Amino acid sequence: MKIFFLFTFSTFFWSPFEQAAASVHYDKILTHSRIRARDQGQNVCALQQVMGTKKKYFSTCRNWYQGAICGKKATVLYECCPGYMKMDGMRGCPAVAPIDHVYGTLGIVGATSTQHYSDISKLRGELEGRGSFTFFAPSSEAWEQLNSEIHRNLIDNVNIELYSALHHHMVNKRMLTKDLKNGMTLVSMYNDQKLLINHYPNGVVTVNCARVIYGNQIATNGVVHVIDRVLTAVGNTIQDFIEVEDDLSSLRAAAITSDVLDILGKPGHYTLFAPTNEAFERLPRGLLERIMGDKVASEALVKFHILNTLQCSEAITGGAAYETLEGNTVEVGCDGESLTVNGVKMVKRKDIVTSNGVIHLIDEVLIPDSAKQVTELGGAQQTTFTDLMIQLGLASSLRPEGQYTLLVPLNGAFSDDTLRMDQRRLKTILQNHIINVKVGLNELYNGQELETIGGKLLRVFLYRTAVCIENSCMVRGSKEGRNGFIHILRQIINPAEKTLHEMLRNDKRFSVFLSLVKAADLDDVLSQPGKWTLFVPTNDAFKGLTDDDKDILIRDKNALRNILLYHLTQGVFIGSGFEPGVTNILKTIQGGKLYLKTVNDTLLINELKSRESDLMATNGVIHVIDKLLYPADLPVGNDQLLTILKKLIKYIQIKFVRGSAFKEIPLTFYNPSITQLTKLIEGEPEFKIVREGETITKVIHGEPIIKTYTKIIDGRPVEVTEKKVTEERIIQGPEIKYTRITAGGSDNEEKLKKLLEDEVTKVTKFIEGDGHLLEDEEIKRLLQGEAPVRKEQPTRRTQGGTARRRTRLAYP
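Now for a look at the structure at hand. Given the structure is predicted, the values throughout are model-derived calculations rather than measurements.

Definitions and cut-offs
- Residues numbered from 1 in each chain as written.
- Predicted model: local features only at pLDDT ≥ 70, side-chain atom pairs only at ≥ 80, totals over all residues.
- Heavy atoms only, no water.
- Salt bridge = Lys/Arg side-chain N within 4 Å of Asp/Glu carboxyl O.
- Helix = DSSP H or I, 4+ residues; strand = E, 2+ residues; numbered from the N terminus.
- Buried < 20%, exposed > 50% of the residue type's maximum accessible area, 1.4 Å probe, protein only.
- Contact = heavy atoms within 4.5 Å.
- Phe/Tyr/Trp six-rings, centres within 6.5 Å; stacked < 30°, edge-to-face > 60°.
- Pairing = 2+ DSSP bridges.

## Focus on the pattern of salt bridges
1) Next: What the rule picks out here adds up to 34 salt bridges.
2) Next: Among the ionic pairs, Asp-294 bridges to Arg-482, the shortest N-O distance being 2.7 Å. Here Asp-294 is found in the loop between helix 12 (285–292) and helix 13 (295–303), whereas its partner Arg-482 is found in the loop between strand 28 (472–481) and strand 29 (484–489), with 188 residues between them in sequence.
3) Next: Assessed through its relative accessible area of 27%, Arg-482 is described here as partly exposed.
4) Next: One salt bridge in this structure joins Glu-579 and Arg-464, with 2.1 Å as the shortest N-O distance. In this pair, Glu-579 sits in the loop between strand 31 (568–570) and strand 32 (584–587) while Arg-464 sits in the loop between strand 26 (457–462) and strand 27 (467–469), placing the two residues 115 residues apart along the sequence.
5) Next: Its relative accessible area of 25% is what places Glu-579 among the partly exposed residues.
6) Next: Several salt bridges share partner residues, and in doing so they unite Lys-55, Arg-211, Glu-314 and Glu-337 into one network.

## Observations concerning the side chain of Gln-448
1) Next: With respect to the helices and strands, Gln-448 occurs in the loop between strand 24 (434–435) and strand 25 (449–451).
2) Next: Given the relative accessible area of 9%, Gln-448 is considered buried.
3) Next: Excluding its chain neighbours within four sequence positions, the residues that come into contact with Gln-448 are Val-439, Glu-443, Leu-458, Arg-459 and Val-460.

## Let's talk about the packing of aromatic side chains
1) Next: This structure, assessed with the given rule, holds 4 aromatic pairs.
2) Next: On the basis of an interplanar angle of 10° and a centroid distance of 6.3 Å, the ring pair of Phe-573 and Phe-578 is categorised as stacked.
3) Next: Judged by relative accessible area, Phe-578 falls into the buried class, the value being 7%.
4) Next: Among the aromatic side chains, those forming a connected cluster through ring pairs are Tyr-463, Phe-573 and Phe-578.

## Observations regarding the pairing of strand 30 (residues 532–537)
1) Next: Of all 6 residues in strand 30, 6 are buried, a share of seventy percent or more.
2) Next: Residues of strand 30 alternate between two faces, with Trp-532, Leu-534 and Val-536 on one and Thr-533, Phe-535 and Pro-537 on the opposite face, all of them buried.
3) Next: Of the strand pairs in this sheet, strand 30 and strand 31 are connected by 3 bridges, and their pairing is antiparallel. What sits directly across from Thr-533, in strand 31, is Thr-569.
4) Next: As paired elements, strand 30 and strand 37 (residues 620–625) share 6 bridges and run parallel to each other. Bridging across to strand 37, Thr-533 finds its partner in Val-621.

## Some details on the pairing of strand 14 (residues 222–227)
1) Next: With 6 of its 6 residues buried, strand 14 lies for the most part within the structure.
2) Next: The two faces of strand 14 match: Gly-222, Val-224 and Val-226 on one face and Val-223, His-225 and Ile-227 on the other face are all buried.
3) Next: Where strand 8 (residues 133–138) lies against strand 14, 6 bridges are found, and the strand directions are parallel. Within strand 14, the residue paired with Phe-133 across the bridge is Gly-222.
4) Next: Note that strand 13 (residues 210–219) and strand 14 share 5 bridges and pair antiparallel. Across the sheet, residue Tyr-214 finds its bridge partner in strand 14, namely Val-226.
5) Next: The antiparallel pairing of strand 13 with strand 14 creates a hairpin that spans 2 residues between the two strands.

Below, the structure written as structure tokens:
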């Protein structure tokens, strides 16, 4: 019977005394390989070989299903699992390979060059003798790849140099792959030299960055692991290497300036991507000088090249993100035989092993965001904005020591018409995207206002899956630089300038809708400060509506308000703030529900397309539609109204229930408030007795607005004046004027004047909400000389430390 031995890479031998082997990464990968090849027979493993090379791997699931390793196509091979062999005429690999001493095992695993060098260096006797050894044996290909000068020196001095080199590959105890823990340091049998072990999650095991390609071949006096390169002695730290390597003098200067060099002299497991002098020379001179002159930036620069884990090149079979000492991550991958950093082939020399890590020489300097100015953070999709910043002089106006936030639209947001604008106007647009403070993504909240360098206030709207600034929502890619943040936006920001009412009034498309709003007494709702979303039908939605139809609508104010307020919701909802494809339910002021979703960047309201969305107003947002909205569950009980609505609404079936009436919607949902700015009106009230036929109006200075009307109290006319004084806007608040008929006589006049002075000065009132007037009974008690019921309250503070407005009512 002819026996065929099959030699593979990375293996595990299930010997009787190793059945309880720990389930480590190497063993898990091998188990998966067995499962993938179970249809090929017993003890068969599946592995991948990189096309055009001799490299074979027991692959991770990711590499297996991609059909590639390091971006190169890989073919599938089925071979005997380690320690097993084929038998003629039998399926699979049913036979177990024989066990020999370490020297004989070198021949079994195909490490014939190492076996030959062991023979000529007089190491054979030791390998055949008593003991328990671990031999990391270079493959025959590894000896061929060794530097020719080093190889020749070893062969020329076999009794000392070659013997010592082979001893450097040996450990004086048996160590299977399950015993080779990540970060472990073993002591070799040559001069107690260190062997650095790494055991990676993808199943790769390395010793001084040499990959174990055939492991766990049990021998009677130890175990043999075949590796893919010849090991050299490791003695120096990364710091030692940098200090003596001429090609790293620029890196050395940067590391000294930033006080990072000493870190690389301490024990650890580091990976340094070391830029050469040539890499530093390719940087713009001004950029390098700025970074080196800023200790924080220079420290960030150097630390961005250092990983706190040891990553040997042979362990990298695909891209992965690794955290640097600077705090951010770099993407380390491979492309064939080349290592890549952030997707770029830049590694000139790999795997310079030191006692505290590994060095890879690179030909580019990696600059972290934390060392960049905020204007340098833009990527390839934001070049239009950054180029305009430079052309219009805005980039140079941002000081390195300042604090800024840039709201940067994507390149596609800039239309040709925008780019052809007058430069002054274009500069104003860009200024609306620059905030004079540093605001990170996690510092933004709903309702926040950000002031631009142009003096505009931008509102922040926070939704379940989106953050929006005015009409534009963010996309992924926020970054923090040395002097600020950059946030990427879908659209150019259009700050609000007008109220909802002003926008409707200035756009002829909405004239019919606006006339109905006016008829329903809803003008104030759309004029005063608030947070609304308004769905506005264009005039096209009212085609076929005659003047008589309109009059019928207007006469039924309840019906009209129900229809119009179905178009209004509390809160500001930006179209692009909705999660795509998901239905969002909004409750309208009318009480019914609107169903909104975005499909292919188009906003749908009750399945009707918005023709234009996200028109920003100071008190909300407008979404334009070309159909009148109506709640499908709201019945109509009037034949005339049903006929009118059927003219306008054809996309739903309107319910008719004879005699049903629309509910009354009071304007209590709208409560104008005055809580931002306050002014305390000080001073004593002035009084004057008026005779029959006279009225006197008292004006409180400070640009008040006065509205006067007459009320009948106990059959007598009483003139009532509403008055407001404020720093921000005029809010109506009452100032009571009255007319009293007296019988004459100075004594009576003096008594009445004194009585009023004593009592009225006690009357104060906070004007809040709708500017409440004193009730008739209160006025009567006051006129009759009774004590007032309202007492002066202490001044309160509102958020932000601003005093709440207190208005003292004066009665002349």
